[in-house]
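# Examination of the molecular architecture
Chain residues, written in single-letter form:
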Amino acid sequence: MNIIVLVKQTPDTAQLSSSVDGLKLLDESGPKVINPWDEYALEAGIQLKEAHGGKVTALCLGQPQATEALKSALAMGADEAILISDPALTDSDSLVTARVLAAAITKIGAFDMVIAGRSGIAGDTWATAVQVAALLDVPQISYVAELNAVDPAAKTISAVRLVEGGRESVSSKLPAVISVVKEINEPRYPSFIGIRKASKATIPTWSIADLGFEAGQVGPAGSQVQWPELNLPPSREAKVEIIEGSPAEAAKILADKLIAEKIV
Amino acid sequence: MSNNVFVWIDQTEGAVDSIAWETLGLARNVADDLGGQLVALVLGENVSGLAEQAIQYGADRAIIADDPTLKSFRLEPYAAVLTKLAQEQEPTVLMMGASNIGLELAPYVAAKLDVGLAPSCIDVAVEVGKLTATRPALVGNVIAKIVFGEAQPHLVTIRRRVFPVPEPDPTRRGEIASTEAVLAEADIPTKIKGLEAAIGEVSLADAKVIVSGGRGVGGPEGFAPVQALADILGGAMGASRAAVDAGWVPYAHQVGQTGKTVQPDLYIACGISGAIQHLAGMKTAKLIVAINKDPEAPIFKYAHYGIVGDLFDYVPALTAELKGRLGS
């Protein structure tokens, strides 16, 4: 199977504290990690390769330092990694991002599956994988919690996806794009050999010209949405009121408050 | 440019998800500000009654696509109908709820139409004739204002439980038109084999009350008092990542960065320390109560009311007290 896993490098929200707020964290110089959802996508891809043979390619669009996220992917077990990086891509919207990724996927060659995490925590749009599927004109299965029968020869896939109403079983055709939720697996830790291999790997970097785009087609000029203002969320004014007393006393006081607030 | 606002009405077997009415209520204001009509789009099988409901909830008119291929939501056939309607009727704005389904349908349609998308918005406004939207990013740690380019319709999805469900007006009337499905069953790659509904469980996404347990519950049995309190409040049970990763409760209950983002009226955190990733999923709850042994737990910085003590003493006491107050 030829499997392409979409990987993103995101700010590390574990760094958030009273001195590091969301805006500081978004700053390019802030600490970065592999997007937390993407480890599940990588694990799903590596498991499929182990079951069916083939190759896992990790594909990332990001800053030059996003090679670190791709090295994590190689250390986990991806066979190849490709970075798409170009200053012109800064401030591209989700659709431009998807268009560039779709062009890169086409350049990589015939694929059976593209796997992505449910969302990237920075933009949090949940849009990229779906838009890649729309642009490649292949089936999309979102929120996959179980991959049951994947048959690369028959080009079929059946999966269970988590929707708000429950667990939906679906079947579809390959090639397909799927997005996964964390229930799907337990991502492995990189092996010692994997880390050594990743540290020596040279990761090719593709520019927009390599993918047939001009500067005006990407970045703000090519995008249909922009975000000129970023602010911190309003801080909570609430100061905690500690309720003291025995369990029965505290329960009575809290029940009074919940009823007074018309919540129960 | 029509100035019209289209809203897709998310329904399952004829029951409309309340997020669709919340979105329709907000869209009513947007249509009035743009000076256009508000049009409800109802897709499904045997759903003609929903068009009248949508008009009662504020739409000027409705368009129905009633077809067996549209019985349950599937991305390709639903997107094909919305794409066709947008191309034919040129609305200025296309809105839907940011349910899991809306969050996959909207970007797909945006990609097919080559237009801009603002997902999971918490506000939409018309400023000098131009649409702007406000949405959280970086799991709620940054708020972004979104502006749109020239291409229309502008696609917007609206976060759940941010706007009220409007009051329906049973006397309201409007034109109801119908349209055909675009894809034949043979052209739809995805087939639904079954739905294992979360029976008897209140969905976290639209729960008014959520009672959650964390590492402090100590094990799967420890969730019994948490569930009992949720039950007496008619709420849903949530959990922190620590409790889910330990295997005490299924992933569907997880609230936070790699789980669900929720916005209940009341969130009771039991034995949850309040890691930043958990707070990301629940800190916009209207009222937060924290019960934790550790007075230094970060959750107390975000809580309105706190109890420093053992959840196994305080949670059952609160359940008993509320049982007495609320009767049975």
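Structure shown above.
These numbers were taken from a predicted model, which means no experiment stands behind them.

## Here we look at the overall build of chain A
Looking only at helices and strands, chain A features eight helices and 13 strands. Each principal axis of the C-alpha atoms in chain A carries an extent, and together these give about 65 × 40 × 40 Å. Counting across all 264 residues of chain A, residues that qualify as buried make up 52%. Partitioning the contacts of chain A with sequence separation of at least 6, the portion at a separation of at least 24 is 69%.

## Re the nonpolar core
Grouped together as the largest cluster of nonpolar side chains are 211 residues, with contacts concentrated most on V5 and A58 of chain A together with V7 and L41 of chain B. Among the domains, domain 1 (5-187) and domain 2 (209-326) of chain B are the pair contributing at least three residues each to this core. With sequence-adjacent residues up to four places away left out, A58 of chain A is seen in contact with V5, V7, L42, L70, A73, L74, A78 and A81 of chain A.

## Re the sheet that holds strand β9 (residues 130-137) of chain B
With respect to topology, four strands assemble into an open sheet ordered β12(A)-β10(B)-β9(B)-β8(B), the strand pairing being antiparallel. What marks the edges here is a single partner per strand, and that holds for β12 (225-231) of chain A together with β8 (123-127) of chain B. For this sheet, the mean inter-axis angle between neighbouring strands, taken without regard to orientation, is 30°. Here β12 of chain A pairs with strand β10 (residues 142-148) of chain B via five bridges, running antiparallel.

## Quick look at the interface of chain B and chain A
Tallying the contact residues gives 72 residues for chain B and 74 residues for chain A. Partitioning the side of chain B that touches chain A into residue classes produces 47 nonpolar, 15 polar and ten charged.

Conventions used here
- Residues numbered from 1 in each chain as written.
- Chains lettered and ligands numbered in written order.
- Predicted model: local features only at pLDDT ≥ 70, side-chain atom pairs only at ≥ 80, totals over all residues.
- Helix = DSSP H or I, 4+ residues; strand = E, 2+ residues; numbered from the N terminus.
- Buried ≥ 20, exposed ≤ 12 C-beta atoms within 10 Å, placed from the backbone.
- Contact = placed C-beta atoms within 7 Å.
- Core = buried A, V, L, I, M, F, W, Y, C linked by C-beta atoms within 7 Å.
- Domains from an automatic or database assignment.
- Pairing = 2+ DSSP bridges.
- Axes fitted to C-alpha atoms, helices over the stretch in contact; angles between N-to-C directions.
- Nonpolar A, V, L, I, M, F, W, Y, C, P; charged D, E, K, R; others polar.

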